[in-house]
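Reading the structure
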Amino acid sequence: MKIKNCWFKKRILFLGLGLMSLNQLWAQQVDLLWLGNSFTGGTELNKYVKGMINAGSSGVTVNLSESNILWGLNLNDHWGNAKSMEMIRSKKYDYVILQGYINLGDIGQATQRENVIKYGILLADEVRKNNAKPIVFCAHANEDNSSAQWDYIINSYKKLADTSKSIFAPASVAWVEAKTQSPDLSLYTEDHHHQNEFSNYLNMCVFYYIITGQSPLGNPYRLSSRDWKEKTLTDDMALKLQQYAASVVERMKGTEIKVTGLSLTPASATMITDETIDMGIKFSPSNASNRRVTWTSSNPLVATVSALGAVTGISIGRVTITAKSDEGVVSASANIEVIKSTANRVTGITLNKTEESLNVGDSLTLVASLMPVDATNKKIKWLSSNYIAVSVDASGKVKGLLGGFSKVTATTVDGSFVASCSVYVKAPVVARGDNPPGEAADKLTNNNLNDKWLDFSPSSWVLFSYNKPVSWDVYELTSGDDAPERDPMNWTIKGSNDNSTWVTLDTRTDESWNARKQTKRYSFVNNQPYSYYKWEISAVKSGNVIQAAEFKFSQSSVTAYEVGEATSRIDIYPNPSSDFINIKLDGGDDASMEIVDLHGNTIMTSKITGQREYKFDLSSLRKGSYLVTVLTRKTTKTIKFVKK
């Protein structure tokens, strides 16, 4: 750490009317930079770590704790981000914390893992070149990930730290410790992905130890300035989390405190067959470092015990459950009696919906019905297959978070019966930054040339999300209404199906516009459907602000599809059109018509009654691509047409 207490600085501080203690006056001051995504920025970790260090008695204080958060992105994005590189090269910081993301901890995601390691090494080298020390933030896995996936994530970040010669901050190892010692402790928000009050505090304790070199035990700092939903971090729970973090860091550093005693709660219990109870465990001393134990059952035919101490009754009888310290000397036991269950067992489950569409921010509640209706154990576990797009809470309330698809499943605790609902989320446009409400990101797709999107940055990105994968190969970009120096000049178009691994589809450099509100059309080769498209702008004509009036994706080919009776023909022509389209109905039925743009915004609706042919005036539509849908009693037809 750099000691930054020059004589002049100390004199100025001393004249500050006693606002700082002598310990703070002579403390080592450090400056921190955090480069990450929502795992860092979503919980304001940089602010809370600073507060915790400054509240402690380690002899270290934090002066700056700044961050650059790229929401939903990764270390390769920071390597290509002008602001991140500028901050590293400012030589202002003592430590730079690098927080990446390995999607789902999935062992098949080798490319993403190697990218995290590759760009983590590049960033760490750049950090050292600029007189700072890199810290690798070992971020957590998702709530439904297996132990193998947790190990995969931890080993990946450990490899990055070792290869890049960086300091390793074992936050996810502390999560494993907490779940091992307190199986009932919830560490996630309702999206099963991000950290809650408890796990954020646990991360804080890890970084406190890593940065100060001192144990967080007894630190008085609590989460208070953020409106946490739970607000249940008691002093006892804070001490437990401090202990979990300390034991993990001490094991890593080789400064372990040995276990001398164990006790289990309950020491004895009676349970029924098919019931599960969680055993609690206490260590002596309370700050013992190695808190891992091995659980065994004296008769697994009577009752089994999981690696986390969950005991399940199997058949009538008596059994002894034992926990033995990993150090191999200390153990404790509990006596369990299993009696016959009189429960009415679950035989199945259904949901009130099997498919649903939502807008981002909207929610619905899925209702589960158990069979039989008088089943004894009515507990259900809810899970979203894509926590990024869709969250679900313990009551079955589903919320759309980001455009995409998720399968929401309800699993019965008794019998593990499963029912599911496919949820599609339609998303608005999301940008790195904007200027709401008048110059927000959604202005890019509202078919209005008289407003615009604006971001106070020389580089930016815009994310377009879709309910189902689509294969765009054309886009139209319209310049803003003023200040031509703000026009985008260099950019790339990328596609992805997980909002994490991206494929570059189109690259443009030195682009310019001859007029305000001018639309330019670009095409590229793409036959692959994607759920996410990103427009990444790396430079503007000049200055530090980006603006654009409209941005629309489309397909170069004209396609149509029709569902219904072949004898009930619908013709839509001409295509491309200029000022009108004709709709001809051979079946003679009444019909309804809707025209939408390629982002799902409704442009025009009408009823067709008592006519076989109808002409629609399109003179008010701007040039571009649209979808027209005609619905009759017997058939539905949708066609994409181009307004010239």
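About the cut-offs
- Residues numbered from 1 in each chain as written.
- Predicted model: local features only at pLDDT ≥ 70, side-chain atom pairs only at ≥ 80, totals over all residues.
- Heavy atoms only, no water.
- Helix = DSSP H or I, 4+ residues; strand = E, 2+ residues; numbered from the N terminus.
- Buried < 20%, exposed > 50% of the residue type's maximum accessible area, 1.4 Å probe, protein only.
- Contact = heavy atoms within 4.5 Å.
- Areas by Shrake-Rupley, 256 points an atom, 1.4 Å probe, with all protein chains shown as cover.
- pLDDT = per-residue confidence, 0-100.
- Axes fitted to C-alpha atoms, helices over the stretch in contact; angles between N-to-C directions.
- Parallel < 35°, antiparallel > 145°, perpendicular 65-115°, else oblique.
- Left-handed = near helix turned anticlockwise from the far one by under 90°.
- Nonpolar A, V, L, I, M, F, W, Y, C, P; charged D, E, K, R; others polar.
- Pairing = 2+ DSSP bridges.

Next up on the list: the overall build of the chain. When you go through the chain residue by residue, the secondary structure sums to 11 helices and 41 strands. The 644 residues of the chain split such that 51% are buried. For the chain, restricting intrachain contacts to residue pairs at least 6 apart in sequence, the fraction spanning at least 24 positions comes to 69%. Here the chain displays about 28800 Å² of accessible surface, and carbon together with sulfur accounts for 51% of that area.

Any region with low pLDDT has predicted coordinates that should not be read closely. When pLDDT is averaged along the chain, the result is 81, and 84% of the positions lie at 70 or above. The least confident element of the chain is helix α1 (residues 7-14), whose mean pLDDT is 30; the most confident is strand β32 (residues 546-548), at 95. Low pLDDT, under 50, characterises residues 1-26; the stretch is placed with 31 contacts to residues that sit more than four places away or in other chains. Note on residues 557-568: pLDDT is under 50 here. Beyond four places in sequence and across chains, it has 28 contacts.

With that settled, consider the packing of helix α9 (residues 171-181) against helix α10 (residues 197-212). Contact pair α9 / α10: the axes reach a minimum separation of 9 Å and the direction vectors enclose 125 degrees. Looking at the two axes, α9 sits oblique to α10. By crossing handedness, the relation of α9 to α10 is classed as right-handed. In this structure, α9 uses Ala 171, Ala 174, Trp 175 and Ala 178 to contact α10, whose residues at the interface are Ser 199, Leu 202, Asn 203 and Val 206. Split into classes, the residues belonging to the contact of α9 with α10 amount to six nonpolar, two polar and no charged.

A few words now on the sheet that holds strand β20 (residues 390-392). The strand order β17-β21-β20 describes an open sheet built from three strands, whose pairing is antiparallel. Edge strands, defined here as strands with exactly one partner in the open sheet, are β17 (363-365) and β20. Neighbour to neighbour, the strand axes of the sheet diverge by 20 degrees on average, direction disregarded. Where β17 lies against strand β21 (residues 397-400), three bridges are found, and the strand directions are antiparallel. Looking at the pairing, Thr 365 lines up with Lys 397 of β21.

Time to look at helix α4 (residues 45-55). Among the residues of α4, those classed as buried are Leu 45, Asn 46, Tyr 48, Val 49, Gly 51, Met 52 and Ile 53. Looking at the packing, one finds that the buried side of α4 touches β1 (28-36), α3 (38-41), β2 (60-69), β4 (133-137) and α10.

Pairing is parallel across the open sheet formed by five strands, whose spatial order is β2-β1-β3-β4-β5. If you trace the sheet from one side to the other, it starts and ends with β2 and β5 (167-169), each paired once. Across the sheet, the mean angle separating the axes of adjacent strands is 25 degrees when strand polarity is ignored. Those strands touched by α4 are β1, β2 and β4, and its axis lies near 175 degrees from that of β2.

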